[in-house]
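Summary of the model geometry
Okay, here's what each chain looks like letter by letter:
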Amino acid sequence: MAGPLATASRPETEDWVRELGAQHVINHRQPLAPQVEALGLGAPGFVFSTTQTGQHLADIVELIAPQGCFGLIDDPEVLDAMPFKLKAVSLHWELMFTRPLFGTPDMAEQGKLLNEVAALVDAGRIRSTATEVAGKINAATLRAVHAQIESGSARGTIVLEGF
C-alpha cells in the first residue's frame, strides 16, 4: 500500500491527519473496507487501531492483507481473534506499562523507546497529537472534556494540567 492511510470524519479532522502525514484519508463513520478497496492501493499489511476497535473489527478483518499485522491499544469489550485466522493475521496488543507492571527482563527498553521518541519529536520527524490544553484538572473540567469527547467533536488529544 502506498503512503500512510488514516481515518477522519469531518473536514477539519481530515485536514489535520493530512498535516500529520496521512496521504490517504477514509471516513471512519462509513464502512472501512470498501473505502480502502476504492483507493486501489491494495490491502494494507499493517493496521493500527487506537479507538473503537470493536466497532470496526469486521471491517479490519475484511480489509487487512493476508499475513498482515493488526495492532491495537484500546480495550474493546470483546475481541474475537478467530476471524483473523483465515488470513493468518498476527495480533499485537500494546500497553505502555506492561514491562514495569510485570518487571520483565527487558524493562530498560522502555526508557530507550521513550528516548527514541523524544529524539524524533526534537528532530521534527513526529509530533504530538495534543491539540488543546483544557486547563486545570478538576471535576468541572473533566465533565466538559468528557462531554466534548462523547460528542464526537474532539480532534486529537486534550490535555488536562495540574496533577
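In case you missed it, the structure is sitting above this.
Here is a short report on the structure shown in this document. (Residues numbered from 1 in each chain as written. Predicted model: local features only at pLDDT ≥ 70, side-chain atom pairs only at ≥ 80, totals over all residues. Heavy atoms only, no water.)

**A look at the environment of Ala 130**
Where we set the bar: Secondary structure elements follow DSSP: runs of H or I no shorter than four residues count as helices, runs of E no shorter than two count as strands, and numbering proceeds from the N terminus. Any two residues whose heavy atoms approach within 4.5 Å at even a single point are treated as in contact.
Here Ala 130 shows up in strand 6 (residues 130-136). For the pair Ala 130 and Thr 157, spaced 27 residues apart in the sequence, the C-alpha separation amounts to 4.3 Å. When neighbours within four sequence positions are excluded, Ala 130 is seen to be in contact with Thr 157 and Val 159.

**A word on the pairing of strand 4 (residues 69-72)**
Note the following rule: For two strands to pair, DSSP has to find at least two bridges joining them. Orient the strands so they point away from the viewer, and a crossover whose first-strand-to-second-strand path over the helix runs clockwise is right-handed.
Taken together, the four bridges between strand 3 (residues 46-49) and strand 4 define a ladder with parallel strand orientation. Paired with Ser 49 across the two strands is Leu 72, which belongs to strand 4. In this fold, the crossover linking strand 3 to strand 4 by way of helix 3 (residues 53-63) has right-handed handedness. Taken together, the four bridges between strand 4 and strand 5 (residues 90-93) define a ladder with parallel strand orientation. Pairing of Gly 71 across the sheet is with His 92, part of strand 5.

**Looking at a nonpolar patch on the surface**
Our working rule: Residues enter a patch when their relative accessible area is above 30% and they make no salt bridge; the linking distance is 9 Å between like charges and 5 Å between nonpolar side chains (Val, Leu, Ile, Met, Phe, Trp, Tyr). Computed with the Shrake-Rupley method and a 1.4 Å probe, the accessible areas treat only the protein chains shown as cover for residues. Whenever a carboxyl oxygen of Asp or Glu lies within 4 Å of a side-chain nitrogen of Lys or Arg, that contact is scored as a salt bridge.
A cluster of nonpolar side chains, Leu 95, Met 96, Phe 97, Leu 101, Phe 102 and Leu 114, forms an exposed patch at the surface whose accessible area comes to about 670 Å². Within the secondary structure layout, Met 96 lies in the loop between strand 5 and helix 4 (98-102).

**Some details on the side chain of Asp 74**
Which entries qualify depends on this criterion: Burial here depends on accessible area, computed with a 1.4 Å probe over protein chains only, as a share of the maximum for the residue type. Under 20% is buried, over 50% is exposed, and the range in between is partly exposed. By the counting rule applied here, Lys and Arg register as positive and Asp and Glu as negative, while His and the ends of each chain are not counted. Within 3.5 Å is the distance limit for a polar contact, defined as a pair of N or O atoms, with the added protein rule that one can donate a hydrogen and the other accept it, and that residues adjacent in sequence qualify only through two side-chain atoms.
Inspection of the secondary structure assignment puts Asp 74 in the loop between strand 4 and strand 5. Put simply, Asp 74 is tucked away with no salt bridge, and the nearest opposite charge, on Arg 29, sits 15 Å away. At a separation of 3.0 Å, a polar atom in the side chain of Asp 74 contacts the main-chain amide nitrogen of Gln 52. Contacts of Asp 74, omitting those with residues within four sequence positions, involve Ser 49, Thr 50, Thr 51, Gln 52, Thr 53 and Trp 93.

**Quick notes on the packing of aromatic side chains**
Put simply, the test is: What counts as a ring pair is set by centres within 6.5 Å for rings of Phe, Tyr and Trp (its six-membered ring), and what kind of pair is set by the plane angle: stacked under 30 degrees, edge-to-face over 60, tilted for all other angles.
What the rule picks out here adds up to one aromatic pair. When the ring of Phe 70 is compared with that of Phe 84, the centres are 5.2 Å apart and the planes differ by 25°; the resulting orientation is stacked. Separated by 14 residues along the polypeptide, Phe 70 in strand 4 and Phe 84 in the loop between strand 4 and strand 5 bring together distant segments of the chain. Residue classification places Phe 84 among the buried positions, given a relative accessible area of 4%.

**Regarding the nonpolar core**
What counts, and what does not: Nine residue types can take part in a nonpolar core, namely buried Ala, Val, Leu, Ile, Met, Phe, Trp, Tyr and Cys, and a core is a set of them joined through side-chain atoms within 4.5 Å.
Counting residues in hydrophobic clusters, the biggest one holds 15 residues, and the most contacted among them are Val 47, Leu 63, Phe 70 and Phe 84. A per-element tally of this core places helix 3 first, with four residues. Discounting chain neighbours no more than four positions away, the residues touching Phe 84 are Leu 57, Ile 60, Val 61, Phe 70 and Val 89. Residues Ala 6, Ala 8, Trp 16 and Val 17 belong to the second largest nonpolar core, which totals six residues.

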